[in-house]
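Breakdown of the fold
Next come the chains, spelled out residue by residue.
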Amino acid sequence: MTPEEFREAGHQLIDWIADYRSTIEERRVLADVVPGEVSGALAALPPTAPEAFSSVLADLDAVVLPGVTNVQHPMHFGWFPANAALASVLGDLASSGIGSLGISWESCPSLTEVEEVVCDWMRQLVGLSEAWSGTIQDTASTACVVALLAARERATDFSETAGGLQASERPLVVYTTDQAHSSVLKAVAIAGYGADNLRMVPVDPVTRAMRADVLATMLESDLAAGSQPAAVVASIGTTGTTAFDPLVEIAVVLERANRTLAHPIWLHVDAAMAGSAMLCPELRPLWEGVEAADSLSFNPHKWLGTILDTSLFYVRDSQHLVRVFSSNPSYLQSSADGRVTQYRDWGIPLGRRFRALKLWFHLRLDGPESMRIRIRRDLANARWLADQVEAAPDWQVVAPVQLQTVCVRHVPGDLAGESLETHTQRWASSVNRSGEAYVTPSKLDDSWMIRVSIGVEGTERRHVERLWQLLRTAAASASDESTAAEPSGRG
Ligand SMILES: *Cc1c(COP(=O)(O)O)cnc(C)c1O
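Note that the structure is predicted; figures quoted are calculated from it, not measured. (Residues numbered from 1 in each chain as written. Predicted model: local features only at pLDDT ≥ 70, side-chain atom pairs only at ≥ 80, totals over all residues. Heavy atoms only, no water.)

1. Re the overall build of the protein
For the protein, the count of helices and strands is 15 helices and twelve strands. Against the globule reference of 23 Å for 491 residues, the protein gives a C-alpha radius of gyration of 25 Å, in line with a compact fold. Buried residues in the protein amount to 52% of all 491 residues. By sequence separation, contacts in the protein at least 24 residues apart represent 74% of the contacts at least 6 residues apart. Surface exposure of the protein reaches about 22000 Å², of which carbon and sulfur atoms provide 55%. Positive and negative side-chain charges of the protein, numbering 40 and 60 respectively, have mean locations separated by a distance of 2 Å. (Helix = DSSP H or I, 4+ residues; strand = E, 2+ residues; numbered from the N terminus. Rg over C-alpha atoms; globule rule 2.2 N^0.38 Å. Buried < 20%, exposed > 50% of the residue type's maximum accessible area, 1.4 Å probe, protein only. Contact = heavy atoms within 4.5 Å. Areas by Shrake-Rupley, 256 points an atom, 1.4 Å probe, with all protein chains shown as cover. Lys, Arg positive; Asp, Glu negative; His and termini not counted. Charge placed at Lys NZ, Arg CZ, Asp CG, Glu CD.)

2. Section: the packing of helix H4 (residues 86–98) against helix H12 (residues 356–366)
Between H4 and H12, whose axes approach to 7 Å, the crossing angle comes to 145°. Crossing angle aside, the handedness with which H4 passes H12 is right-handed. The segment H4 lies against H12, with Ala87, Ser88, Leu90, Gly91, Asp92, Ala94, Ser95 and Ile98 engaging Leu357, Lys358, Phe361, His362, Leu365 and Asp366. Split into classes, the residues belonging to the contact of H4 with H12 amount to seven nonpolar, four polar and three charged. (Axes fitted to C-alpha atoms, helices over the stretch in contact; angles between N-to-C directions. Left-handed = near helix turned anticlockwise from the far one by under 90°. Nonpolar A, V, L, I, M, F, W, Y, C, P; charged D, E, K, R; others polar.)

3. With respect to the packing of aromatic side chains
Here the structure, examined in full by the defined rule, presents seven aromatic pairs. Where Trp16 meets Tyr20, the ring centres are 6.0 Å apart and the plane angle is 10°; that geometry is what we call stacked. In this pair, Trp16 and Tyr20 both sit in helix H1 (residues 3–22), four residues apart, roughly one turn of the helix. For Tyr20, a relative accessible area of 13% puts it in the buried group. (Phe/Tyr/Trp six-rings, centres within 6.5 Å; stacked < 30°, edge-to-face > 60°.)

4. Side note on helix H8 (residues 182–190)
Among all positions of H8, only Ser183, Val184, Ala187 and Val188 are buried. Projected down its long axis, H8 carries its buried residues within an arc of 145°, all on one side. Structural note: H8 exposes Ser182, Lys186 and Ile190 on the side pointing more than 90 degrees away from its buried face. (Arc of directions from axis to C-beta.)

5. Let's talk about the pairing of strand S12 (residues 447–453)
Of all seven residues that make up S12, six are buried, and the element is covered over most of its length. Relative to S12, strand S10 (residues 405–410) runs antiparallel, the two being bridged by four bridges. By the bridge assignment, Thr405 is partnered in S12 with Ser453. Note that strand S11 (residues 438–444) and S12 share five bridges and pair antiparallel. Considered in S12, the bridge of Pro441 is made with Ile450. The turn joining S11 and S12, which pair antiparallel and follow one another in sequence, is formed by two residues; a positive phi near 50° is taken by Asp445. (Pairing = 2+ DSSP bridges.)

6. Quick look at the side chain of Ser235
As for its placement among the helices and strands, Ser235 is situated in strand S5 (residues 228–235). Setting aside anything within four residues of it in sequence, one finds Ser235 in contact with Ala180, Ala243, Phe244, Asp245 and Asp270.

7. Some thoughts on the domain arrangement of the protein
Per the domain assignment, the segments making up the protein are domain 1 (3–68), domain 2 (93–366) and domain 3 (368–485). Domain 1 and domain 3 are separated by 32 Å when their C-alpha centres are compared. Counting residues at the interface gives five residues for domain 1 and nine residues for domain 3. Both sides together, the interface formed by domain 1 and domain 3 hides about 480 Å², and carbon and sulfur atoms give 52% of it. (Domains from an automatic or database assignment. Buried area = accessible area lost by both parts, 1.4 Å probe.)

8. Considering the site of the ligand
Taken together, 13 residues lie near the ligand, and Ala140, Ser141, Asp270, Asn299 and Lys302 sit nearest. Ser141 places a side-chain nitrogen or oxygen 2.5 Å from an oxygen atom of the ligand. Asp270 places a side-chain nitrogen or oxygen 2.6 Å from a nitrogen atom of the ligand. Its free accessible area being 380 Å², the ligand has 88% of it covered by the protein chains. Residue classes in the shell around the ligand are distributed as three nonpolar, eight polar and two charged. (Near = heavy atom within 4 Å. Polar contact = N/O pair within 3.5 Å; in protein donor to acceptor, adjacent residues only side chain to side chain.)

9. A short note on the sheet that holds S11
Strand order in the open sheet formed by five strands is S1-S11-S12-S10-S9, and the pairing between neighbours is mixed. Both edges of this open sheet fall to strand S1 (76–77) and strand S9 (395–397), since each of them pairs with a single strand only. In this sheet, S11 lies alongside S1 in parallel orientation, the contact comprising two bridges. Looking at S11, one finds that Phe77 is bridged to Val439. Across the sheet, helix H13 (residues 368–391) touches S9, S10 and S12, and the angle it forms with S9 is around 140°. Running at roughly 30° to S12, helix H14 (residues 417–434) makes contact with S9, S10, S11 and S12 of the sheet.

10. Some points on the pattern of salt bridges
This model, assessed by the stated rule, comprises 23 salt bridges. For Asp309, the salt bridge identified is with Arg355, shortest N-O distance 3.3 Å. Of the two residues, Asp309 is situated in the loop between strand S7 (295–298) and strand S8 (311–315) and Arg355 in the loop between helix H11 (318–325) and H12; the sequence distance between them amounts to 46 residues. One salt bridge connects Glu390 with Arg383, and the closest N-O pair in it is separated by 3.8 Å. (Salt bridge = Lys/Arg side-chain N within 4 Å of Asp/Glu carboxyl O.)

11. Remarks on the environment of Cys280
Structurally, Cys280 is set in the loop between strand S6 (266–270) and S7. Residue Cys280 is classed as buried on the basis of its relative accessible area, which comes to 0%. Once the C-alpha coordinates of Cys280 and Arg376 are considered, the two residues, 96 residues apart in sequence, prove to be 8.1 Å apart. In contact with Cys280, not counting residues within four places along its chain, are Arg372, Ile375 and Arg376.

12. Let's talk about the side chain of Ser311
Inspection of the secondary structure assignment puts Ser311 in strand S8. Assessed through its relative accessible area of 0%, Ser311 is described here as buried. In this structure the side chain of Ser311 is engaged in a polar contact, spanning 2.6 Å, whose partner is the side chain of Asn299.

Shown next as structure tokens:
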């Protein structure tokens, strides 16, 4: 494709994207395909000759879009928001268009330096001290792997990079809660600690926040048993119910434990969802104590709206990363070494995209104040919904609403046990299958509930009002079905 052909096709594609976004409300939320339907509609054999752009674009409409769950739809209340602000889409396009190679500072000085600056802008915007320096990882999952690898190495005097996992005499232990994201378990496995060495610190039964007092006793008993506490992963906004682990209390426990340890315990804060909220100064008490952490990640690609993959990863001392991840083969050495940041030494990949451009475009074109307004709007909408649910007979809000997620259950009459489980799954599934809205069924204490996660850029109060209607209608007809089904069910 020549630049001139690109110009013509590109204009059409931009129009196509603008049309998709401006008419998204007319679409279903949940993709309406069965497994294999999309792949079955594609040619089994690879293309043999170049095709016209128009035929590719036609298939984008005919084949691809039906298989897309429209998470930019204002009636999408599932998982967590994955906003993709159009300003950041432009930045992503610029990044692709430049097509740079981020393997060292000299392979694209702007790539490194724009990333340093936008990470620092974000640091300032969420109120972190100057002690932090940041980089962009693809995801919070990767950030957690990197943090736990750095923690492992600090705990072992960097001997694991030499002798590997065979070098430890004492098992290294990681602490988190059963409310932490599944990526923490994955990171523990990848970083070689082993699932047996992951401790689930009990949580408060109401707030579902880590019990720092129990963490203290677990540290003591592990030390007494000859294990070596290496890291704590604290969640700031869990995925299930947006619970906030108490960082101040955890820091006090770690500070006390560290006094007797040769290697301090690493504290990683997973604020994947809630980090974006810290743009609003009034919400920062939610992560009070964060300055005591060694590393921190949050995802502008969730609530903030800088398109995936934009996970910010901050460390207080980047030398911990460099000592673990540095690679300096002769063909990557240069006279700038020592004076510039080499992001390849801060994590796993060598080559990186110019990801900073999408955050740079997003922050400059939309501006942080519009993001704050949106965050406050979403919090107010979540509060509004929680109030409706609490006031409605037979409805319950089952976890404290600390952010923008409302966890609900409909418990009609004396429904309990398996019948209640079936009822919840039935009405949630009928909402989702309708295509009008999407919510996430999820288990809390082994029992199904529905997470309503508010925060899509286009979601206004009227959408939340409509959702509340849909939930009540779906639950009412599911109740009718279970009452109708009962006689034959019992017989
Ligand atoms: C979404 C989420 C993650 C995982 O984020 P990815 O960037 O998709 O890896 C981790 N932790 C929490 C608390 C999350 O909400």
